[in-house]
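# An overview of the molecular structure
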Amino acid sequence: MKKDDFMAVFRSSFPDGETWRNWFFATEPVKDENIYLSYDGTRAASALLMQPYRFLYEDTVLDTGYISCVATLPESRSKGLSRANLCNALRDARAKGYSMTELIPAEDHLYYFYSREGFATVFYVDRERYTSLHNFPEGRGTLVEPCYTLFHDLEADAGCGIMHSEEDYARVLEDMRLDGGDIVLAATDEDGHSAMLFATDTTAGEVLVKCLIGKSKYARRTLLCELRRRVGERVITVLRPPVSGDKALMQPYGMMRIVNPEIILGVLAARHQSLHMNIRLTDPLLEENSGLYEIAGGWCMKKDSAVTVAKIDLEISVDTLAAIVFGSHEMGEIFNIPSRRPYMALMLD
C-alpha cells in the first residue's frame, strides 16, 4: 500500500517515462522501509525515497543514505509536506547510524531549498563538450571487458565518494538501457592502469558520458577514441570527476547533509592523528548534533555545548562542516582541516 501511494505521487510530478518508472519501482531498493510519505488530509500527497549506499572516506567505508524521487502532488505544494518528509528521513538516517545523506537536486533552484535544511554543495563534475573535430588520436591503451570488479576498484581508487554494490551496478546498466543507450567501455594502459566509461543517448540526439572514471589519461583517451568511432560525428558531453584543475569547468552536481558529525570527525581524527582542535557545531534541525567536538590523539569526543575550553578553533554550522571537510584542498588549508572532494555518479534518481 505504501509503495502504491508513493508511485501515485511520483507519477503526478513525473508523468513521462512510464517504462522506466515501472522498472524502477519494481527494483529491490524501493521498499516500504525506504519510503517517506506526507499526507494532505487522508491522501498521500508528498513522497521521497532514501536508499542505503556505502561511502568511502579516508579509507573507511561508511553507511549513508541517498535521497531521490522527491515529489508532491501539484495541488498540495507550498504546504511544507516535502520538508516534513525530508526532516523525517534525516532523523531516521541518524538513528540508523548513517554518517551522511546525499541527493542531486532536480532543478537549480532546489539547491537553495536543501541548503536551508543543512545540505552543502560538495559534489562537482567537470563538464567537457567535444564536437566532431575531436577524434582523440592520442589514446594509447587496450580495450578490455568491462565488469563490476573493475568498476569497484576504480571507485575505491578515486578515494572518496559513493561506492556501488554489484547489485547497484546491474541496476545502473539496466537504467542506461532503458534511457536509450548503454555503451559501457573499459580500457587499460601500458602500465596496467584502467578506466571505464558509461555513455547514453540524450533527447537532443547527442551522447552523454555519465561517468568517465580512472586516473590514467591514456586509458581515458582510449575510451573516448572508441566512443567517437561508435557514435560518429555526434556531439559528446563528458561528466567526470573534477580533476582537471580548471575551476571554470567545475559545475555543481549534488549535495551532502552530515547527520552524524561524530562519525565523520572520528574517522578524520583516526586518519590524521596529529590533528588537534575544538569545533563548536550547531545543527538547528538535528539538535543532538550541536555541541563541542574535541579532536585530539586520533579521537573525537563530543561534549555539551556549554562546556568551556581554552580555545575554540572553529564555530560553524553543520553545512559549513560538510563544505570544509568535503571541499577543495585549498579550503582545508584555510581551516587547517584535511579536505577531500568526493565523487558521486550513476545514481538512480
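A brief report on the enclosed structure follows. (Residues numbered from 1 in each chain as written. Predicted model: local features only at pLDDT ≥ 70, side-chain atom pairs only at ≥ 80, totals over all residues. Heavy atoms only, no water.)

## Section: the sheet that holds strand β15 (residues 299-303)
Strands belonging to one sheet form pairs held by backbone hydrogen bonds; the direction of such a pair is parallel or antiparallel. Ordered in space as β15-β14-β13-β16, the 4 strands form an open sheet in which the pairing is mixed. The sheet terminates laterally at β15 and β16 (314-317), the two strands that pair on one side only. Here the strands of the sheet are splayed against their neighbours by 25° on average, with no regard to which way each runs. Two elements, strand β13 (residues 277-282) and β16, share 4 bridges in a ladder whose sense is parallel. Following the sheet pairing, Thr 282 is matched in β16 by Ser 317. Sheet strands in contact with helix α8 (residues 261-271) are β13, β14 (291-296) and β15, and its direction is about 150° off that of β15. (Pairing = 2+ DSSP bridges. Helix = DSSP H or I, 4+ residues; strand = E, 2+ residues; numbered from the N terminus. Axes fitted to C-alpha atoms, helices over the stretch in contact; angles between N-to-C directions. Contact = heavy atoms within 4.5 Å.)

## Some details on helix α6 (residues 166-178)
Helix length check: α6 (13 residues) gives 19 Å between terminal C-alpha atoms against 18 Å at 1.5 Å per residue, within 8%. Those residues of α6 that fall on the buried side of the exposure criterion are Asp 168, Tyr 169, Arg 171, Val 172, Asp 175 and Met 176. Projection of α6 onto a plane perpendicular to its axis shows the buried side chains occupying an angular sector of 165°, all on one side. In α6, the exposed residues that point more than 90 degrees away from the buried face are Glu 166 and Glu 167. Positioned one or two residues after α6, Gly 180 has a phi angle of 105°, which is positive. (Expected span 1.5 Å × (residues − 1). Buried < 20%, exposed > 50% of the residue type's maximum accessible area, 1.4 Å probe, protein only. Arc of directions from axis to C-beta.)

## Digging into the packing of aromatic side chains
Applying the stated criterion to the full structure yields 17 aromatic pairs. Aromatic pair Phe 55 and Phe 326: ring centres 5.9 Å apart, planes at 85°, arrangement edge-to-face. With Phe 55 in strand β2 (residues 43-57) and Phe 326 in the loop between α9 (318-325) and α10 (329-335), this pair connects stretches of sequence that are 271 residues apart. Like Phe 326, Phe 55 is buried. Taken together, a centroid distance of 5.6 Å and an interplanar angle of 35° make the contact between Phe 151 and Tyr 169 tilted. Here Tyr 169 lies in helix α6 and Phe 151 lies in helix α5 (residues 148-158), a separation of 18 residues in the sequence. (Phe/Tyr/Trp six-rings, centres within 6.5 Å; stacked < 30°, edge-to-face > 60°.)

## Considerations on the pairing of strand β11 (residues 236-240)
Most of β11 is tucked away, with 5 of its 5 residues classed as buried. Burial along β11 is two-sided: the residues Ile 236, Val 238 and Arg 240 and Thr 237 and Leu 239 are all buried. Looking at chain direction, strand β5 (residues 120-130) and β11 are connected through 5 bridges and run antiparallel. Residue pairing across strands places Tyr 130 opposite Ile 236, the latter belonging to β11. Here strand β10 (residues 207-213) runs beside β11; their pairing, made up of 3 bridges, is parallel. Bridge assignment links Val 209 to a residue of β11, and that residue is Val 238. For the handedness criterion, the β-α-β arrangement of β10, helix α7 (residues 217-231) and β11 is classed as right-handed. (Right-handed = clockwise from strand over helix to strand, strands pointing away.)

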